[in-house]
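Observations on chain architecture
For reference, the chains in residue letters:
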Amino acid sequence: MAHHHLEAGPKTVAWGFFDAALPPVLRIRSGDTVTIDTISGEPADMPDPALGFGIVAGHREVHDANPVPGIGPHFLTGPIFVEGAEPGDVLEVRLLEIGLAQDWGWNLQQPLLGTLPEDFPELRRLHIPLDVRRMTARMPWGMDLPLRPFFGAIGVAPPPAWGRLTSIIPREFGGNIDNKELVAGATLYLPVFNKGALLSLGDGHGVQGDGEVCLTAIETALTGKIEVHVRKDFSLKRPRAETPVTWITMGFDTDLDDAEKLALRDMIALIGDLSGLS
């Protein structure tokens, strides 16, 4: 199988949206591997040059090529066309390696957003040093926080009838899942809605808790190596994930209770499939 390298730049990055009409920037075959580079941060999120942080290649060029901000804040590298993928299939994305691409991350608290906007009404943007060798983040109060990098946004293109969708809201096609368990060694399964699947990745996180209660994780640019397979032996309504020790089902809805019901129904169905139980 072939290996590819997809760099992040003005011709390979979409700012803030998933769209089936977006032409692919790379074509691969089922079983191929891809090293994929991502960027993180809108112009306002960039660090002051006086801080001395490095800026990854292509980041400022993407800003310059898009004078109008996207409908979402995430930068998505792709889409990747996978030969043989058809609507109704499943795309298996094996996350082989995920590493830091730069020596800094950022964290944002913004008025009216987050879980407790009443308690934290002020804008606050932090730029956090990342130690690539030790895989730690140096927090402003002196703590070294262990990193566990993952891509917050992994998705195929949505159904064509849905048009252009913001990168903020996760849906059946994946997208801004923000599942902290999707680290290296995990596998994500996505339902396919378009010929070629049209896979994109972005929204790199250095580490995240069980949610982004202030608004963001430690956002940062990542480089990952993935292996992609077209699966025609089963179908899915929503994304599903597998780690070396667990299965994960996911539900997306504006109501947390309804999202939980979707994830639970999918888990019950998965247990049935794996065990033969009714």
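Structural data are supplied above this passage.
Below: a short report on this structure. (Residues numbered from 1 in each chain as written. Predicted model: local features only at pLDDT ≥ 70, side-chain atom pairs only at ≥ 80, totals over all residues. Heavy atoms only, no water.)

**Structural notes on the pattern of salt bridges**
- Tallied over the entire structure, the rule returns 14 salt bridges.
- Between Asp19 and Arg164 there is a salt bridge; the shortest N-O distance is 3.0 Å. Of this pair, Asp19 sits in the loop between strand S3 (17-18) and strand S4 (26-29) while Arg164 sits in the loop between strand S12 (150-155) and strand S13 (165-166), placing them 145 residues apart in sequence.
- For Arg164, a relative accessible area of 47% gives the class partly exposed.
- Across the pair Glu83 and Arg27 runs a salt bridge whose closest N-O atoms are separated by 3.3 Å. (Salt bridge = Lys/Arg side-chain N within 4 Å of Asp/Glu carboxyl O. Helix = DSSP H or I, 4+ residues; strand = E, 2+ residues; numbered from the N terminus. Buried < 20%, exposed > 50% of the residue type's maximum accessible area, 1.4 Å probe, protein only.)

**Here's the deal with the pairing of strand S6 (residues 75-83)**
- Where burial is concerned, most of S6 is hidden: 8 out of the 9 residues are buried.
- Bridge count between strand S2 (residues 13-15) and S6: 3 bridges; the pairing is antiparallel. In the sheet register, Trp15 faces S6, and the bridge partner there is Phe75. (Pairing = 2+ DSSP bridges.)

**Describing the packing of aromatic side chains**
- Inspection of the entire model under this criterion finds 7 aromatic pairs.
- Taken together, Phe18, Trp162, Phe173 and Phe193 form an aromatic cluster joined through their ring pairs.
- For Arg27, the ring lying beneath its charged end belongs to Phe81, and the centroid distance is 3.9 Å.
- Its guanidinium or amino end placed over the ring of Phe17, Arg164 lies 3.7 Å from that ring's centre, counting from NZ or CZ. (Phe/Tyr/Trp six-rings, centres within 6.5 Å; stacked < 30°, edge-to-face > 60°. Lys NZ or Arg CZ within 6 Å of the ring centre and 35° of its normal.)

That is the geometry; function is a separate question.
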